[in-house]
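One-letter residues, chain by chain:
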Amino acid sequence: MSTRDTDGPPERAEFAGAVYGSLLAASVAAGTAVDGSPISAGHLVVVLLCTGVVFWIAHVYASVVTHGTHTLTWQRLRVAARQDWPVAQASFPPAVGAAFASALGLSDVVATWVALGVAVTSQVAWAVAAAVNAGSSARIVVISGVANLALGLAIIALKTWVAPY
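Below is a summary of the structure that appears in this document. The structure presented is a predicted model; accordingly, all values stated were derived computationally and were not measured. (Residues numbered from 1 in each chain as written. Predicted model: local features only at pLDDT ≥ 70, side-chain atom pairs only at ≥ 80, totals over all residues. Heavy atoms only, no water.)

Before going further, it helps to examine the environment of Asn133. Its location among the elements puts Asn133 in helix H5 (residues 108–133). Note: C-alpha distance between Asn133 and Phe15 (118 residues apart in sequence) is 9.1 Å. (Helix = DSSP H or I, 4+ residues; strand = E, 2+ residues; numbered from the N terminus.)

So, in structure tokens, the structure goes:
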């Protein structure tokens, strides 16, 4: 077995995982400290990375058990884990952004906003890259970017509405 049992080629699964993982990271950053008091940048980094890894494990499990009636093997798990790695990997840039902001001496609030901004930017970039990789027209590439920007801005709007700091 050289590829995972999916409905599309591995590249699409990887791009989809990266888009999804970036949206997840944005949601995590937006959802931290909804009471208005920010968590520390260090804790945010840990929460981002751990959430990304937990969702990656969930994706691997779901991929393996929902695609076909094949026997569960280590090889199938390894292939699925490799294919779904972008779900976890997408949490790295926002975590690095938060850590970098903290290292610069910026506040935890700023570190949270940096992580959120990096996550949304990554999400838009992955969506555009996926459309380009799929050979989509320029119109579809732009629509993909705008649609993902709208999703990211919706998360930012919700964060601003729920915890305006």
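Now for the packing of aromatic side chains. In this structure the tally under the stated criterion is 4 aromatic pairs. Taken together, a centroid distance of 6.4 Å and an interplanar angle of 50 degrees make the contact between Tyr20 and Phe55 tilted. Here the residue Tyr20 occupies a position in helix H1 (residues 10–31), and Phe55 occupies one in helix H2 (residues 41–66), the gap between them amounting to 35 residues. A ring pair is formed by Trp56 and Trp85, whose centres lie 4.9 Å apart and whose planes are at 80 degrees; its orientation type is edge-to-face. A residue pair is termed long-range when its members are at least 10 positions apart, and Trp56 in helix H2 and Trp85 in helix H3 (residues 74–89) qualify at 29 residues. Residue classification places Trp56 among the buried positions, given a relative accessible area of 18%. With relative accessibility at 30%, the residue Trp85 sits in the partly exposed group. (Phe/Tyr/Trp six-rings, centres within 6.5 Å; stacked < 30°, edge-to-face > 60°. Buried < 20%, exposed > 50% of the residue type's maximum accessible area, 1.4 Å probe, protein only.)

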